[in-house]
Amino acid sequence: MSQQTNGISIAAAVKDTIIAGLLALIVFGPVVGVLLDGYEFNLRAGDVASIVAVVMAGRFALSVFSQTEFGKAFLYRQSTKDDGVVVTAPDYKSKMRFIIPLVIVIGLIAPFIASKYVLTIVILGLIYVLLGLGLNIVVGLAGLLDLGFVGFYAIGAYGLALGYENLGLGFWSMLPLAAIMAAISGAILGFPVLRMHGDYLAIVTLGFGEIIRLVLTNWTEFTHGPNGVSAPLPTLFGLEFKRRSKEGTPFHEFFGLPYDSAYKYIFIYLILFLVVLAVLYVKHRLTRMPIGRAWEALREDEIACRSLGLNHVLVKLSAFMLGASTGGLAGVFFATYQGFVNPSSFTFFESALILAIVVLGGMGSTVGVVIAAFVLTVLPEMLREFADYRVLMFGILMVVMMIWKPRGLVRVTRTGFATRKGTVK
Amino acid sequence: MSQDNILKVENLVMHFGGIKALNDVTFDIKRGSVSALIGPNGAGKTTVFNCLTGFYKATGGSILLDAGGKQTSVVKVLGEKFKGSDFTSPASFFERVKYKMFGGSHLVNRAGLARTFQNIRLFKEMSVVENLLVAQHMRVNRGMMSGILNTKAFQKSEEEALQRAFYWLEVVHLTEFANRLAGELSYGQQRRLEIARAMCTNPEIVCLDEPAAGLNPSETEALASMIRVLRDEHNTTVLLIEHDMGMVMNISDYIVVLDHGEVIAKGGPDDIKSNPKVIAAYLGAEEGEEVTL
């Protein structure tokens, strides 16, 4: 390639622009420019012209941009970027550290400023963050492809609803119980099937998710089938968030406030926010603990793990159970937030969505999963007009991501260790 | 079984369908020795290794490992079929069930036998130190709560594990690469790291599957001295499969020669060098020429 001069070549840009314009004319000309009207057709040259003009203007701007110093540097970075895992230096401190307290403060203030509608979307986003974090342990860290994660989500949600209906257990008692129930069902499912690898495991878990949904649909005496069950709201030291309470005073009367249905969302949001922070912290610790390292080692090479004395079945099982219990927690929040659960919330599409969050965020990356969970739940809400094209856009997003950043939004980094004097005891 | 034999292999038989990969293999490995398993390609060396380390369940015969103050039957910990006598003795029944449910090759490692692989099996997307930390899984504080709360005891155990990891990195001359990804290392470095990783499990016997494959002469020389360090400073018995005869003859105290799944010779390097059966196996014998000992 010849040595390029620093100047911007307008001629080259114009050439690009004309080619792009011609292509746009070919593509949009017949599609937009010819409108059938009975047996006649009308030519709409104006529409075509405006579309072609937009394309040409865009191409010209792009062409000029890519010739500027900044543009060249940008393209160079994009073409040579290395998506692989990096190990940070032992004393490395991220420049983005200040963002953690900032996010916590904003997160705690937000519910008192945001409108009820925004709050409900953020709650949904946080529920998917929980689900994404749970599945990230199973898929991202331990490398077990789980297509039935929604089963554990359903167990958590129905645990709250049915526990309240049959045993009178409220939100607070069901929160840990649902996590334990989901973990136990994860263990029951996992123990026989975790000896399998890859594809087989994916099929078995897919079956598990469907079994749970079918049981919930068909066991009508217990689960009320497709009619669903109502789920209780959380209480603040026994104070309920309803307009009128059967026993005791409701929250707003106790504090002498006018009734507002937003209170319950604020309360759910605050609990959920704290639970998400706790789960994030646990996840952060897990990757620095022997068990977290064992999961990742198992993902890398199972045979080598066995040769090092790791019981691969138990290591996988622990990942499966911890992931499942996080899914169960998310289920409880989902049930209490909706106030009602029915089996149609726990379809395979939901599993696929959670898996998409993990893949989009980057396998094993915590920050990536949080971002991806919000993108994939908040974006559909923002684009309500395009609701019909939701799945299509979802697919396009996935394809683009796989081409552009196959390893996920956020690159996985590993913490380095300072060199020290080695000793054996 | 005498105390100075760490490994006792008796009448080991391994069939894959109709193929008899191993046929009546018997040998003992002395504690604190460097032993080599040699033979032409396809002789069954790696099959013996996989049986010893529990990756294959032997069709017949016994493998007894005398390490860590107790004897372990490698065939048994992999989970055997139920026998008639199990149904009369609950103790042996439950032991059988236990090994069937939780048994496997990891128990062989826990009993004190570590191995490396012919095709290197490192955790490629983890750092070099982390590879060594994973190997110490059974020795560190694995408590869930202590890890999450990052207690003093947990930090102490992690620090000890790190010190051990750096000790082994020094032994294999990889300290400067501690924070690199294992997959980024060169081939020779990966081989050395794999040995260090096996040693981090604190084994009494380490089985190296072709450790010198793909190494240049000076790297092979360094490897030989490293193996001597394992034996002399860490009292580790070394069993290796190797094709580099110069290195085998140089460092081994004892050599077992396999051909077509059978042991054709065993003894010291000098005996093996002059053994006509071994020469015939490697170089081929003339038609009609009788090979006698």
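Scoring rules and cut-offs
Residues numbered from 1 in each chain as written. Chains lettered and ligands numbered in written order. Predicted model: local features only at pLDDT ≥ 70, side-chain atom pairs only at ≥ 80, totals over all residues. Helix = DSSP H or I, 4+ residues; strand = E, 2+ residues; numbered from the N terminus. Buried ≥ 20, exposed ≤ 12 C-beta atoms within 10 Å, placed from the backbone. Rg over C-alpha atoms; globule rule 2.2 N^0.38 Å. Contact = placed C-beta atoms within 7 Å. pLDDT = per-residue confidence, 0-100. Pairing = 2+ DSSP bridges. Axes fitted to C-alpha atoms, helices over the stretch in contact; angles between N-to-C directions. Expected span 1.5 Å × (residues − 1). Domains from an automatic or database assignment. Nonpolar A, V, L, I, M, F, W, Y, C, P; charged D, E, K, R; others polar. Parallel < 35°, antiparallel > 145°, perpendicular 65-115°, else oblique. Left-handed = near helix turned anticlockwise from the far one by under 90°.

**Quick notes on the overall build of chain A**
Here comes step 1: Summing up its helical and strand segments, chain A has 17 helices and six strands in all.
Here comes step 2: Oriented by its inertia axes, the alpha-carbon framework of chain A measures out at about 75 × 75 × 45 Å.
Here comes step 3: Counting over 425 residues, chain A shows a buried share of 36%.

**Some words on the overall build of chain B**
Here comes step 1: Summing up its helical and strand segments, chain B has twelve helices and ten strands in all.
Here comes step 2: For chain B, whose C-alpha radius of gyration is 21 Å, the value lies close to the compact-globule estimate of 19 Å for 293 residues.
Here comes step 3: For chain B, the spread of C-alpha atoms along the three principal axes comes to 75 × 60 × 35 Å.
Here comes step 4: By the burial criterion, 45% of the 293 residues in chain B qualify as buried.
Here comes step 5: When contacts within chain B are restricted to residue pairs at least 6 apart in sequence, long-range pairs at least 24 apart make up 65% of them.

**Details of the confidence of the model for chain B**
Here comes step 1: In the predicted model, chain B carries a mean pLDDT of 86, and the fraction of residues at 70 or more is 96%.
Here comes step 2: Among the scores for the predicted complex, ipTM is 0.88 and pTM is 0.83.

**Structural notes on the interface of chain B and chain A**
Here comes step 1: On the chain A side, the residues contacting the 41 residues of chain B number 32 residues.
Here comes step 2: At the level of secondary structure, the elements contributing two or more residues to the side of chain B that touches chain A comprise α4 (105–110), α5 (128–135), α6 (144–149) and α7 (152–171) of chain B.
Here comes step 3: Sort the elements by how many residues they give to the side of chain B that touches chain A and α7 of chain B lands first, with nine residues.

**As for the sheet that holds strand β2 (residues 19–30) of chain B**
Residues and elements named next belong to chain B.
Here comes step 1: Taken in spatial order, the four strands line up as β2-β1-β4-β5 in an open sheet, and their pairing is antiparallel. Of all strands in the sheet, those with a lone pairing partner are β2 and β5 (70–73), marking the two edges. Recorded for the sheet is a direction-independent mean angle of 20° between the axes of neighbouring strands.
Here comes step 2: With respect to the sheet, helix α1 (residues 45–52) is in contact with β1 (5–16), β2 and β4 (60–67), its orientation differing from that of β2 by roughly 65°.

**What about the pairing of strand β9 (residues 254–259) of chain B?**
Residues and elements named next belong to chain B.
Here comes step 1: Counted residue by residue, β9 has six buried out of six residues, so it is predominantly covered.
Here comes step 2: Neither face of β9 is left uncovered, since the one carrying Y254, V256 and L258 and the one carrying I255, V257 and D259 both have all their residues buried.
Here comes step 3: Pairing between strand β3 (residues 34–38) and β9: four bridges, direction parallel. If you follow L37 over to β9, its bridge partner there is V256.
Here comes step 4: Bridge analysis of β9 against strand β10 (residues 262–267) gives five bridges, and the strand direction is antiparallel.

**Description of helix α15 (residues 348–361) of chain A**
Residue and element names in this part refer to chain A.
Here comes step 1: End to end, α15 covers 20 Å across 14 residues, agreeing with the expected 20 Å (1.5 Å per residue, within 8%).
Here comes step 2: What α15 keeps buried is the set S351, L353, I354, L355, I357, V358, V359, L360 and G361.
Here comes step 3: Tucked inside the fold, the buried residues of α15 contact α5 (116–141), α6 (150–167), α8 (198–218), α16 (366–382) and α17 (390–404).
Here comes step 4: Positive phi shows up at G362, right after α15, with a value of about 110°.

**Digging into the domain arrangement of chain B**
Residues and elements named next belong to chain B.
Here comes step 1: When the domains of chain B are assigned, the result is domain 1 (1–112 + 203–292) and domain 2 (124–202).
Here comes step 2: For domain 1 versus domain 2, the distance between C-alpha centres works out to 27 Å.
Here comes step 3: Contacts between the two partners involve twelve residues from domain 1, matched on the other side by eleven residues from domain 2.
Here comes step 4: For the side of domain 1 that touches domain 2, the elements supplying multiple residues, two or more each, are α4, β7 (205–209) and α9 (217–234).
Here comes step 5: Residue contributions to the side of domain 1 that touches domain 2 peak at four residues, all from α9.
Here comes step 6: The residue inventory of the side of domain 1 that touches domain 2, partitioned by class, reads eight nonpolar, two polar and two charged.

**Points about the domain arrangement of chain A**
Here comes step 1: Each assigned domain of chain A is listed here: domain 1 (10–80) and domain 2 (99–414).
Here comes step 2: With centres defined by C-alpha atoms, the gap from domain 1 of chain A to domain 2 of chain A works out at 43 Å.

**Concerning the sheet that holds strand β6 (residues 113–115) of chain B**
The pairing of strands in a sheet comes from backbone hydrogen bonds and takes either a parallel or an antiparallel form.
All names here are of chain B.
Here comes step 1: With mixed pairing, six strands are arranged side by side in an open sheet as β6-β7-β8-β3-β9-β10. Pairing within the sheet leaves two strands with one partner each, and these edge strands are β6 and β10. Between one strand and the next, the sheet's axes are offset by a mean angle of 20°, whatever the strand orientation.
Here comes step 2: Pairing geometry for β3 and strand β8 (residues 237–241), over four bridges, is parallel. Across the sheet, S35 pairs through a bridge with L239, a residue of β8.

**Structural notes on the packing of helix α1 (residues 10–33) of chain A against helix α2 (residues 45–67) of chain A**
Residue and element names in this part refer to chain A.
Here comes step 1: Axis separation between α1 and α2 bottoms out at 8 Å; the angle between their running directions is 150°. When the axes of α1 and α2 are compared, the pair comes out roughly antiparallel. For α1 against α2, the interelement crossing comes out right-handed. For the pair formed by α1 and α2, the contact residues are A12, A13, D16, T17, A20, G21, A24, L25, F28, G29, V32 and G33 on the first element and A45, D47, V48, I51, V52, V55, M56, R59, F60, S63 and V64 on the second.
Here comes step 2: Grouping the constituent residues of the contact of α1 with α2 by class yields 15 nonpolar, five polar and three charged.

**Points about unusual backbone geometry**
Here comes step 1: Unusually for a residue other than glycine, H224 of chain A sits at a positive phi of about 65°.
Here comes step 2: For H224 of chain A, the position within the fold is in the loop between α9 (220–223) and β4 (229–230).
Here comes step 3: One non-glycine residue with positive phi stands out, namely N202 of chain B, at about 60°.
Here comes step 4: Position of N202 of chain B relative to the elements: it lies in the loop between α8 (187–200) and β7.
Here comes step 5: Judged by the 19 C-beta atoms lying within 10 Å of it, N202 of chain B is partly exposed.

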